[in-house]
Amino acid sequence: NSAAEQAEKIQALAIVDSLLNVNKADDELLFLQASLLSAKGDQERAMTILNAIISRTPTSYKAYELLASLYKKQNKPDQAIRAYRKMIALAPSNDLEINQFIALLYLSNNKLDDALTILQNLSGKYPWNEEIHENLFTIYQRKQDLRAARKEIQLLHEYDSENYRYYLMEADLAELEG
């Protein structure tokens, strides 16, 4: 962030603060304040505001979304996952995207079995989704379940036979297979 961008964030935050002096209970303004604080690097204050919004308005999807993002940035995967699960409860139609975020969090924290469970469930609901199968491939490869990894790469080739990444993934797998 440049000095000019920081100055703009500080100026925007001052405007939001003055508007909040008039209406302290405006969740939209509070959310904007939390977003600006987060962008400015003040995650703790942003999280305090988001938790206040959630306690007043437990259906605030946006507040949970930003809170999950902040927890993820702070490497607090369990708290991020709790916020993501609240998002699913509030908007079940977003379960694919949110569950993939959760699975990737588990994967990045080497909780392969947890990630695998989520991705297998998603695969049953969304069998055409290539990202799910790419992540399943990665997990099977890490777990040394080369047979299952081979199955995933075959599925990926069926979905998109021209994707060069799948050939690279297959080459990695062939190397592991010996």
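For the structure, see preceding data.
The notes below deal with the structure included here. Keep in mind that this is a model prediction, so the values were computed, not measured.

1. Thoughts on the pattern of salt bridges
Then, number 1: Scanning the model with the defined rule gives 9 salt bridges in all.
Then, number 2: R165 is the salt-bridge partner of E134, the closest N and O atoms lying 2.7 Å from each other. With E134 in helix α8 (residues 130–142) and R165 in helix α10 (residues 164–177), the pair connects residues that are 31 residues apart, well separated along the chain.
Then, number 3: For R165, a relative accessible area of 35% puts it in the partly exposed group.
Then, number 4: Note that E177 and R150 form a salt bridge whose closest N and O atoms lie 2.7 Å from each other. With E177 in helix α10 and R150 in helix α9 (residues 146–159), the pair connects residues that are 27 residues apart, well separated along the chain.

2. Things to note about α9
Then, number 1: In a regular helix each residue adds 1.5 Å, so 14 residues correspond to 20 Å; α9 covers 20 Å between its end C-alpha atoms and thus fits that length.
Then, number 2: If you check which residues of α9 are buried, you get L146, A148, A149, R150, E152, I153, L155, L156 and H157.
Then, number 3: Those residues of α9 that are buried lie in contact with α8 and α10.

3. Here's the deal with the packing of α8 against α9
Then, number 1: Where α8 contacts α9, the two axes come as close as 8 Å, and the packing angle between them is 155 degrees. One way to sum up the angle between α8 and α9 is to call them roughly antiparallel. By crossing handedness, the relation of α8 to α9 is classed as left-handed. Across the interface between the two elements, E130, H133, E134, L136, F137, Y140 and Q141 of α8 pack against A148, A149, E152, I153, L155, L156 and Y159 of α9.
Then, number 2: In terms of residue class, the contact of α8 with α9 is built from 9 nonpolar, 2 polar and 3 charged.

4. Description of helix α7 (residues 112–125)
Then, number 1: With 14 residues, α7 ought to run about 20 Å at 1.5 Å a step, and its terminal C-alpha atoms sit 20 Å apart, in line with that.
Then, number 2: Of the residues making up α7, those classed as buried are L112, A115, L116, I118, L119, L122 and S123.
Then, number 3: In this structure, the buried residues of α7 make contact with α5 (77–90), α6 (95–108) and α8.

5. Quick word on the packing of aromatic side chains
Then, number 1: As enumerated under the stated definition, the model contains 2 aromatic pairs in all.
Then, number 2: Ring centres of Y126 and W128 lie 5.8 Å apart, and the angle between their planes is 80 degrees; on these two criteria the pair is classed as edge-to-face.
Then, number 3: Taking relative accessible area as the criterion, Y126 reaches 16% and is therefore assigned buried.

6. Re the packing of α6 against α7
Then, number 1: It is the contact of α6 with α7, at a shortest axis distance of 8 Å, that shows an interaxial angle of 155 degrees. One element, α6, and the other, α7, form an angle in the roughly antiparallel class. Considering only the axes of α6 and α7, their crossing is left-handed. Taking contact as the criterion, the partners of D95, L96, N99, Q100, I102, A103, Y106 and L107 in α6 are, on α7, L112, D114, A115, I118, L119, L122 and K125.
Then, number 2: Considered class by class, the residues forming the contact of α6 with α7 number 10 nonpolar, 2 polar and 3 charged.

7. Things to note about the nonpolar core
Then, number 1: Membership of the largest hydrophobic core comes to 50 residues, with the highest contact counts inside it found for L50, Y84 and I102.
Then, number 2: Sequence-distant contacts of I102, defined by excluding residues within four places in its chain, comprise I81, Y84, R85, I88 and I118.

Calculation rules
- Residues numbered from 1 in each chain as written.
- Predicted model: local features only at pLDDT ≥ 70, side-chain atom pairs only at ≥ 80, totals over all residues.
- Heavy atoms only, no water.
- Salt bridge = Lys/Arg side-chain N within 4 Å of Asp/Glu carboxyl O.
- Helix = DSSP H or I, 4+ residues; strand = E, 2+ residues; numbered from the N terminus.
- Buried < 20%, exposed > 50% of the residue type's maximum accessible area, 1.4 Å probe, protein only.
- Expected span 1.5 Å × (residues − 1).
- Contact = heavy atoms within 4.5 Å.
- Axes fitted to C-alpha atoms, helices over the stretch in contact; angles between N-to-C directions.
- Parallel < 35°, antiparallel > 145°, perpendicular 65-115°, else oblique.
- Left-handed = near helix turned anticlockwise from the far one by under 90°.
- Nonpolar A, V, L, I, M, F, W, Y, C, P; charged D, E, K, R; others polar.
- Phe/Tyr/Trp six-rings, centres within 6.5 Å; stacked < 30°, edge-to-face > 60°.
- Core = buried A, V, L, I, M, F, W, Y, C linked by side-chain atoms within 4.5 Å.

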